[in-house]
Amino acid sequence: MKKRITVIGGGAWGTALAVQAVRAGADVELVLRNPDLAEHINANGENDLYLPGISLPGALRATTSYDGLRDADAVLLVTPAQHLRETLTKLAAHWTDNLPAVICSKGIETKTGALMAQVVTQSLGNVPVAVLSGPTFAQEVAKGLPAAITLACEDRVVGKRLVELIGTPEFRPYFSTDVAGVEVAGAIKNVLAIASGVVAGLELGDNARAALITRGIAEMSRLAVAMGGRVETMLGLAGLGDLTLTCTGTLSRNYTFGLALGQGRKAKDILAERRSVTEGVYTAASITDVAAKYGVEMPICKAVDQVANHDSDLRSTINGLLQRPFRDELEAAS
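All values derive from a computational prediction rather than experimental measurement.

*Asks:* Which parts of the structure should I look at to understand the overall build of the protein?
*Replies:* The helix and strand inventory of the protein stands at 14 helices and 8 strands. The C-alpha atoms of the protein give 19 Å as radius of gyration, which agrees with the globular expectation for 334 residues (20 Å, within 12%). C-alpha extents for the protein along the principal axes are approximately 60 × 40 × 35 Å. Burial analysis of the protein (334 residues in total) assigns 54% to the buried set. Surface summary for the protein: the accessible area is close to 15,000 Å², and the carbon and sulfur share equals 51%. Distance from the positive charge centre (32 side chains) to the negative charge centre (35 side chains) of the protein: 0 Å.

What follows is the structure, encoded as structure tokens:
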């Protein structure tokens, strides 16, 4: 039987995943909010608003309707994290009990501190939930360049089936059961990518960036374990892999946001120019409360929040980090 996949969200990443799903042999519906963009994609075979220069395959159809969910084998949720709950409220009437929800957005809900899997369960009930995360830029995936990702699902049977559903030789999903760990890694790496961009913008050097990435993994690991994840996940594709990419790649929205901050621009001015969401800014806003709830110290993430969301002086904030007391490297609260 022909595989059927519905992708919710027609930004760059949603479009790239829709292209990949076609490569994997599926008929694909790409669900957008904008009817004009859906019509344009169907007529021209290109999403030049979010993913210009990529020819979209004929087996990909854009729509604004949720009716196709009833025939889907899986739904890829690529809605920005802060809008996922609202989107799921609209989808709930179309969802069937055994239809897997594959979360492809990264973040922590600002108002509640919830991970995206929690948002899905609260909105849809006890449906199968998986998380797709890892070092991927949309443009490269859409072009068919090699990539490896993590697909996490607590149900091994469902998870393995999803791996086969979307995987190809060039797009390699590695299976994990650590849903919480993969989610925490994906959310926190966006915040750390902003910090890495700041390091580059201020020309603080490669030593500083290497230190930031390493200490960032320590922060990420502490929160992941506190929220039920595994520290080993932080050293895999969803952790170290994604963190390395977004802390060094100029295609990262979070990195380039931090770069502009480091070059002296104001956060509100940078964000006002952007069509796509810079998710790390929102995650930074929620991470202070989440970390306090779990008793986890996260000085880098807290510093990013102060600069990105509270207009704190950049140099003073960095000096505050550098003047922290020396610690043992493996000490739990470093």
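*Asks:* Before we go on, may I ask you to explain the nonpolar core in this structure?
*Replies:* Soluble globular proteins tend to bury their nonpolar side chains together. One finds I188, L223, F257, L261 and M298 to be the most contacted residues of the largest nonpolar core, which totals 43 residues. Among the elements that line this core, the one with the most residues is helix α7 (residues 179-201), at 11 residues. Beyond its immediate sequence surroundings of up to four residues, L223 is in contact with V184, I188, I287, V290, A291, V296 and M298. Of all hydrophobic cores here, the second largest spans 42 residues; its members include V19, L60, C104 and F171.

*Asks:* What should I look at first to understand the environment of V158 in this one?
*Replies:* Topologically, V158 is positioned in helix α6 (residues 156-166). Each C-alpha atom of the pair V158 and A81 lies 23 Å from the other, and the pair is 77 residues apart in sequence. Leave out the neighbours within four places in its chain, and V158 touches P100, P128 and C153.

*Asks:* Would you take a moment to explain unusual backbone geometry for this structure?
*Replies:* Glycine aside, a negative phi is what most residues show, and trans is what most peptide bonds show. At E203, a residue that is not glycine, the phi angle is positive and equals roughly 55°. Of note, E203 is situated in the loop between α7 and α8 (206-226). Notably, D311 is not glycine yet its phi reads approximately 55°, a positive angle.

*Asks:* Is there a simple way to explain the pattern of salt bridges in this structure?
*Replies:* Oppositely charged side chains are able to pair whenever their charged atoms sit close together. Following the criterion strictly, the structure yields 11 salt bridges and no others. Salt-bridge contacts for K106 lead to D242; the nearest nitrogen and oxygen are separated by 2.6 Å. Here K106 is found in the loop between β5 (101-103) and α4 (116-124), whereas its partner D242 is found in helix α9 (residues 237-246), with 136 residues between them in sequence. Of the residues examined, D242 reaches a relative accessible area of 1% and is grouped as buried. Linked by salt bridges that have partners in common, K106, K189 and D242 make up one network.

*Asks:* When you look at the environment of G239 in this model, what are you seeing that I'm missing?
*Replies:* Relative to the helices and strands, G239 resides in helix α9. Separated by 50 residues in the primary sequence, G239 and K189 have C-alpha atoms spaced 7.5 Å apart. Each residue touching G239, except ones within four places of it in the same chain, is listed here: A185, M220, T233 and M234.

*Asks:* Looking at this structure, how should I read the sheet that holds strand β2 (residues 26-31)?
*Replies:* What links the strands of a sheet is backbone hydrogen bonding, and the strands pair in either a parallel or an antiparallel sense. Strand order in the open sheet formed by 8 strands is β3-β2-β1-β4-β5-β6-β7-β8, with mixed pairing between adjacent strands. Each edge of the open sheet is held by one strand with a lone partner, namely β3 (60-63) and β8 (171-176). Taking the axes of each pair of neighbouring strands and ignoring which way they run, one obtains an average angle of 25° across the sheet. Taken together, the 4 bridges between strand β6 (residues 129-133) and strand β7 (residues 147-153) define a ladder with antiparallel strand orientation. Bridge pairing in β7 links S133 to T150. Contacting β1 (3-8), β2, β3, β4 (74-77), β6 and β8, helix α1 (residues 12-23) runs over the sheet at an angle of about 165° to β2.

*Asks:* Explanation requested: helix α2 (residues 35-44) in the structure shown.
*Replies:* Because each turn of an α-helix spans 3.6 residues, side chains separated by three or four positions in sequence point in the same direction. Those residues of α2 that sit buried are L37, A38 and I41. Summarising the axial view, the buried residues of α2 lie within an arc of 105°, below the 170-degree limit, and thus occupy one face. Of the exposed residues in α2, those oriented more than 90 degrees away from the buried face are D36, E39 and A43. Here the buried face of α2 lies against β2 and β3. The N-terminus of α2 is capped by N34, whose side-chain oxygen sits 2.9 Å from the backbone nitrogen of D36.

*Asks:* Mind showing me how you'd approach the packing of α7 against helix α12 (residues 279-294) here?
*Replies:* Think of two packed helices as two axes; the pair is described by the angle between the axes and how far apart they sit. Interhelical geometry of α7 versus α12 gives an angle of 105° and a closest axis separation of 8 Å. As summarised for this structure, α7 and α12 are arranged roughly perpendicular, according to the angle between their axes. The residues of α12 that touch α7, namely those facing A187, I188, N190, V191 and I194, are E279, G280, V281, T283, A284 and I287. Partitioned by chemical class, the residues of the contact of α7 with α12 number 7 nonpolar, 3 polar and 1 charged.

*Asks:* It is not clear to me how the environment of P100 should be interpreted in this structure. Could you clarify?
*Replies:* The topology assignment puts P100 in the loop between α3 (84-91) and β5. Classification of P100 by relative accessible area gives buried; the value is 3%.

Calculation rules
Residues numbered from 1 in each chain as written. Predicted model: local features only at pLDDT ≥ 70, side-chain atom pairs only at ≥ 80, totals over all residues. Heavy atoms only, no water. Helix = DSSP H or I, 4+ residues; strand = E, 2+ residues; numbered from the N terminus. Rg over C-alpha atoms; globule rule 2.2 N^0.38 Å. Buried < 20%, exposed > 50% of the residue type's maximum accessible area, 1.4 Å probe, protein only. Areas by Shrake-Rupley, 256 points an atom, 1.4 Å probe, with all protein chains shown as cover. Lys, Arg positive; Asp, Glu negative; His and termini not counted. Charge placed at Lys NZ, Arg CZ, Asp CG, Glu CD. Core = buried A, V, L, I, M, F, W, Y, C linked by side-chain atoms within 4.5 Å. Contact = heavy atoms within 4.5 Å. Salt bridge = Lys/Arg side-chain N within 4 Å of Asp/Glu carboxyl O. Pairing = 2+ DSSP bridges. Axes fitted to C-alpha atoms, helices over the stretch in contact; angles between N-to-C directions. Arc of directions from axis to C-beta. Polar contact = N/O pair within 3.5 Å; in protein donor to acceptor, adjacent residues only side chain to side chain. Parallel < 35°, antiparallel > 145°, perpendicular 65-115°, else oblique. Nonpolar A, V, L, I, M, F, W, Y, C, P; charged D, E, K, R; others polar.

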